[in-house]
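Each chain, letter by letter, is given below.
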Amino acid sequence: MEATHDLARQDSLNESSLNQALATRFARDLIYTYVGDILLAVNPYADLPLYDNIHSLRYTKVSSKAEHPPHLFAIADAAFTQMMRTRQPQVAVISGESGAGKTFSTRLFIRQVSPSTPGRTNPVLEAFGNAQTVMNSNSSRFGKFIELQFTTQGRVVGARLAHYLLEKARVVSQGEGERNFHIFEMLIEGCDDEERRRTGLHLSDEWQ
Ligand SMILES: Nc1ncnc2c1ncn2[C@@H]1O[C@H](COP(=O)(O)OP(=O)(O)OP(=O)(O)O)[C@@H](O)[C@H]1O
């Protein structure tokens, strides 16, 4: 079982055996798989019961990764534990194609390392940089670097967000089946006729 949870422990690993293992696990709702220190996640596009408090606690202060099945919470907890032990900053790189689940995973990662941090600013921030694309109805059209600042006791006291490579061209033109940044729809929805006239915000003919 352990060998299947961590593909780095298999005798031979190539693209085909990796895909085969991921497919076999995915068919059993095992969406997470380790390859050494890397966690591979396959987006289930379904509400799996994996992120409740029981799971959060199960993956808190675990002494060995092999104790429980692979999970995003385990990676978050390992980073937190390492930070507390070494007093050194830790970095997690979350990458994948559009729709892979990076935003979803980032939210859960932050929740696991700082359960008391409210996520209320997300919808506002996302409105300026997220848009509907053919791949994802809430696609982040920019890269971000999120820094969380902790006290020596491990409590979050601050955060910093740097963004880069915002897809600015989307403001003036969008591909077929795609939309402008959410903020424009929100503004059009929220403005009265006079405000729309004054600001020049209006729906293009195809949306009317
Ligand atoms: N583990 C998961 N379980 C259930 N749903 C998920 C999971 N991961 C992602 N999703 C869902 O899949 C969709 C796409 O995920 P998300 O927006 O996080 O992708 P992304 O990699 O950030 O995409 P983009 O690069 O376009 O911003 C969302 O509706 C999200 O809720």
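Keep in mind it's a predicted model, so treat the numbers as computed, not measured.

Engineer: What is the right way to look at the packing of helix α4 (residues 72-86) against helix α5 (residues 102-113) in this model?
Structural biologist: Any two packed helices are characterised by the angle at which their axes cross and by the distance between the axes. Here α4 crosses α5 at 50 degrees, and the two axes come no closer than 9 Å. As far as their axial angle goes, α5 and α4 are oblique. Every pair of crossing elements has a handedness; the one defined by α4 and α5 is right-handed. Along its contact with α4, which presents L72, F73, I75, A76, D77, A79 and F80, the element α5 presents S105, L108, F109, R111, Q112 and V113. Each residue belonging to the contact of α4 with α5 can be placed in one class, and the counts come to nine nonpolar, two polar and two charged.

Engineer: Even after reading the chapter, I still don't get the nonpolar core, so can you show me in this structure?
Structural biologist: When a protein is soluble and globular, its nonpolar side chains tend to lie buried together. Core analysis: the largest hydrophobic core is formed by 15 residues, its most contacted members being I31, Y32, L50, Y51 and F109. In terms of residue count, α4 provides more of this core than any other element does, five residues in total. With sequence-adjacent residues up to four places away left out, Y32 is seen in contact with R25, L39, L40, A41, L50, Y51, P70, H71 and L72.

Engineer: Teacher, can you tell me more about the UniProt feature "binding site: ATP" (unreviewed entry) in the chain here?
Structural biologist: Residues annotated by UniProt as "binding site: ATP" (unreviewed entry) correspond here to G96, E97, S98, G99, A100, G101, K102 and T103. Along the chain, G101 turns up in the loop between α4 and α5. Of the residues examined, G101 reaches a relative accessible area of 18% and is grouped as buried.

Engineer: What's the story with the side chain of R25 in this structure? I'm lost.
Structural biologist: Note that R25 resides in helix α2 (residues 15-27). One buried charge, R25, has no salt-bridge partner; the nearest side chain with opposite charge is D6, at 9.5 Å. Once residues within four sequence positions are removed from consideration, R25 is found in contact with T4, H5, L30, Y32, T33 and P70.

Engineer: Looking at this structure, how should I read the site of the ligand?
Structural biologist: Taken together, 17 residues form the shell around the ligand, and within it S98, K102, T103, S139 and S140 come nearest. For the ligand, an oxygen atom lies 3.3 Å from a polar atom in the backbone of A100. In this structure, T103 approaches the ligand through a side-chain N or O atom, which is 2.6 Å from an oxygen atom. Against a free-state accessible area of 640 Å², the protein chains account for coverage of 82% of the ligand. Broken down by secondary-structure element, the contributors of at least two residues to the shell around the ligand are α5 and β4 (139-140). Broken down by class, the residue content of the shell around the ligand amounts to seven nonpolar, eight polar and two charged.

Cut-offs applied
Residues numbered from 1 in each chain as written. Predicted model: local features only at pLDDT ≥ 70, side-chain atom pairs only at ≥ 80, totals over all residues. Heavy atoms only, no water. Axes fitted to C-alpha atoms, helices over the stretch in contact; angles between N-to-C directions. Helix = DSSP H or I, 4+ residues; strand = E, 2+ residues; numbered from the N terminus. Parallel < 35°, antiparallel > 145°, perpendicular 65-115°, else oblique. Left-handed = near helix turned anticlockwise from the far one by under 90°. Contact = heavy atoms within 4.5 Å. Nonpolar A, V, L, I, M, F, W, Y, C, P; charged D, E, K, R; others polar. Core = buried A, V, L, I, M, F, W, Y, C linked by side-chain atoms within 4.5 Å. Buried < 20%, exposed > 50% of the residue type's maximum accessible area, 1.4 Å probe, protein only. UniProt positions renumbered as here; feature names shortened; annotations may be inferred. Lys, Arg positive; Asp, Glu negative; His and termini not counted. Salt bridge = Lys/Arg side-chain N within 4 Å of Asp/Glu carboxyl O. Near = heavy atom within 4 Å. Polar contact = N/O pair within 3.5 Å; in protein donor to acceptor, adjacent residues only side chain to side chain. Areas by Shrake-Rupley, 256 points an atom, 1.4 Å probe, with all protein chains shown as cover.

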